[in-house]
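# Understanding the architecture of this molecule
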Protein chains: 2
Amino acid sequence: MCDDALELNLGLGNKGQSPRHRCPPPFLLKTYELLEEEEKEKHSTKIVSWNSQGNAFVVWSPAEFSDLTLPRYFKHNNFSSFIRQLNTYGFRKISSKRWEFKHEKFQRGCRHMLIEISRKKCEPSVFPAYLKSSSEENAMTCSSEENNQQLLMEENKNLKKERLELQMQIAECKALEMKLLAYLSQSMDNHQNKIRRLC
Amino acid sequence: MCDDALELNLGLGNKGQSPRHRCPPPFLLKTYELLEEEEKEKHSTKIVSWNSQGNAFVVWSPAEFSDLTLPRYFKHNNFSSFIRQLNTYGFRKISSKRWEFKHEKFQRGCRHMLIEISRKKCEPSVFPAYLKSSSEENAMTCSSEENNQQLLMEENKNLKKERLELQMQIAECKALEMKLLAYLSQSMDNHQNKIRRLC
DNA sequence: GGGAATATTCCC
DNA sequence: GGGAATATTCCC
């Protein structure tokens, strides 16, 4: 199930992204560590923990969690901000009776899976926010030419971004090629040696 | 100069936006208040203050400002984050010798003007820096507008062509990858067989 | 100085 | 639960 070794060897983790994205987003790391560290804590009542199967976690006491736990890991003490982040990363509340949150790739003992969780994208639509929110004003103040120009600019920007991503993909492909070739030649040598030894 | 009353009465402040925008953004309010409150402080050395004319402010001691002042108003103690915000709101550093920042609408005793300061949009107003005319009046002549559009369309066309080429390169890369992998697995089988035959 | 990703807040 | 504005971080 775990391809980490292959990914590590071939350098394919998080394709097309910048270096800082090779590790999980701070939010996920902190939430995971918070759960590991809370297991060691000696509170009179449990504040937050993995559920019994370890495939989700439960905030047993939102009040204490907000006041005591959150500010130790984040720049706030608002339960709702924490939940907003959970939703951003695709967690779901799986119980109506308690604050239990689940994500397929967020499980006890599986820190390596965190890298597979990503923020939900807000669709990069053709129309940027500033055109959507004030389209009436724009219609008043912008000539259709200017409007056109804005669309062109937007498309242009997206194309350049796309170009960069494609270029990075190519670089990765080439690197993989090199590694495969190196591995191929090495493994042939090995086999040659084995055969020689056997003769 | 101050339209606050009118805006309030007609509910026209920050058109098309939600109520919370009728007051200045928190960053501006906090920075303004910070300056008012620092005036009362009794530090051995001045940390931050309005300049003598009151039309800009000076951070006299960035180190103390970061360690002592920032965390009292913001969720961090990084001078660079503070400066990033200043830039976002259009402040300029107006001295090369000291940390002095200025915005036309940010002046001592003029809290009511803060409402007129807004974040720079991340969207280029219309044109990128290298295409922008130097005049702030941006009284673009028809011909230069058309010219611009021509350039944009040209660039756009080229980018799309480039994209196609890159995509083809990637396809080739992937095909080669497949061949290498197939060859690798085949050659390993062959060698295994040779070894078996030799044993 | 600013683009862009992530975090926090506010609001529906 | 999520859209969108603002704040903070990271990077060029």
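Residues numbered from 1 in each chain as written. Chains lettered and ligands numbered in written order. Predicted model: local features only at pLDDT ≥ 70, side-chain atom pairs only at ≥ 80, totals over all residues. Heavy atoms only, no water.

### Regarding the overall build of chain A
A count of helices and strands for chain A gives 7 helices and 4 strands. Going residue by residue from the N terminus, the α and β elements of chain A occur as α-α-β-β-α-α-β-β-α-α-α. Per-residue burial over chain A gives 33% buried out of 199 residues. When contacts within chain A are restricted to residue pairs at least 6 apart in sequence, long-range pairs at least 24 apart make up 54% of them. Surface exposure of chain A reaches about 12700 Å², of which carbon and sulfur atoms provide 54%. (Helix = DSSP H or I, 4+ residues; strand = E, 2+ residues; numbered from the N terminus. Buried < 20%, exposed > 50% of the residue type's maximum accessible area, 1.4 Å probe, protein only. Contact = heavy atoms within 4.5 Å. Areas by Shrake-Rupley, 256 points an atom, 1.4 Å probe, with all protein chains shown as cover.)

### Details of the UniProt feature "domain: HSF-type DNA-binding" (unreviewed entry) in chain A
Mapped onto the present numbering, the UniProt feature "domain: HSF-type DNA-binding" (unreviewed entry) falls on residues 70-94 of chain A. Helix makes up 56% of residues 70-94 of chain A and strand 8%. Its end C-alpha atoms lie 21 Å apart. (UniProt positions renumbered as here; feature names shortened; annotations may be inferred.)

### Here's the deal with the sheet that holds strand β2 (residues 57-59) of chain B
Residues and elements named next belong to chain B. A sheet is described by the order of its strands in space; here 4 strands give the open sequence β1-β2-β4-β3, paired in antiparallel fashion. Only two strands of the sheet have a single neighbouring strand rather than two, namely β1 (48-50) and β3 (92-93). Sheet topology note: the β3/strand β4 (residues 99-102) ladder contains 2 bridges and is antiparallel. What sits directly across from Lys93, in β4, is Phe101. Sitting on the sheet, helix α4 (residues 79-88) touches β2 and β4, and the angle it makes with β4 is about 25 degrees. (Pairing = 2+ DSSP bridges. Axes fitted to C-alpha atoms, helices over the stretch in contact; angles between N-to-C directions.)

### With respect to helix α3 (residues 62-73) of chain B
All names here are of chain B. Of all the positions in α3, only Phe65, Ser66, Thr69, Leu70 and Tyr73 are classed as buried. Here the buried residues of α3 occupy an arc of 130 degrees about the axis, which is enough to place them on one side. Elements that come into contact with the buried residues of α3 comprise α2 (26-38), β1, β2 and α4. (Arc of directions from axis to C-beta.)

### A word on the sheet that holds strand β3 (residues 92-93) of chain A
All names here are of chain A. Within the open sheet, the 4 strands sit side by side as β1-β2-β4-β3. Their pairing is antiparallel. Lying at the two open borders of the sheet, with one neighbouring strand each, are β1 (48-50) and β3. Sheet topology places strand β2 (residues 57-59) next to strand β4 (residues 99-102); 3 bridges connect them, and they run antiparallel. Across the sheet, residue Phe57 finds its bridge partner in β4, namely Phe101.

### What about the packing of aromatic side chains?
For the coordinates displayed, the defined rule picks out 34 aromatic pairs over all chains. Summarising the aromatic geometry, the rings of Phe79 of chain A and Phe82 of chain A are spaced 6.5 Å apart at their centres and angled 15 degrees between planes, so their arrangement reads as stacked. One end of the pair is Phe79 of chain A and the other is Phe82 of chain A, both in helix α4 (residues 79-88) and 3 residues apart, which spans about a single turn. Exposure remark for Phe79 of chain A: the relative accessible area of 13% places this residue in the buried category. A ring pair is formed by Phe65 of chain B and Phe79 of chain B, whose centres lie 5.9 Å apart and whose planes are at 80 degrees; its orientation type is edge-to-face. Placement of the pair is Phe65 of chain B in helix α3 and Phe79 of chain B in helix α4, with a sequence separation of 14 residues. What makes Phe65 of chain B buried here is its relative accessible area of 0%. Sitting above the plane of the Trp99 of chain A ring, Lys93 of chain A keeps its charged end 4.9 Å from the centroid. (Phe/Tyr/Trp six-rings, centres within 6.5 Å; stacked < 30°, edge-to-face > 60°. Lys NZ or Arg CZ within 6 Å of the ring centre and 35° of its normal.)

### Comments concerning the protein's contact with DNA strand C
Around DNA strand C, the surrounding shell holds 20 residues, and the nearest of these are Phe27, Asn78, Ser81 and Tyr89 of chain A together with Lys120 of chain B. The sugar-phosphate backbone supplies 70% of the atoms of DNA strand C found within 4 Å of the protein. Residue Lys75 of chain A places a main-chain N or O atom 2.8 Å away from a phosphate oxygen belonging to DNA strand C. In the environment of DNA strand C, a base oxygen lies 2.8 Å from a nitrogen or oxygen atom belonging to the side chain of Arg84 of chain B. At the level of elements, α2 (26-40) and α4 of chain A together with α4 and β3 of chain B are the ones that each hand at least two residues to the surface near DNA strand C. (Near = heavy atom within 4 Å. Polar contact = N/O pair within 3.5 Å; in protein donor to acceptor, adjacent residues only side chain to side chain.)

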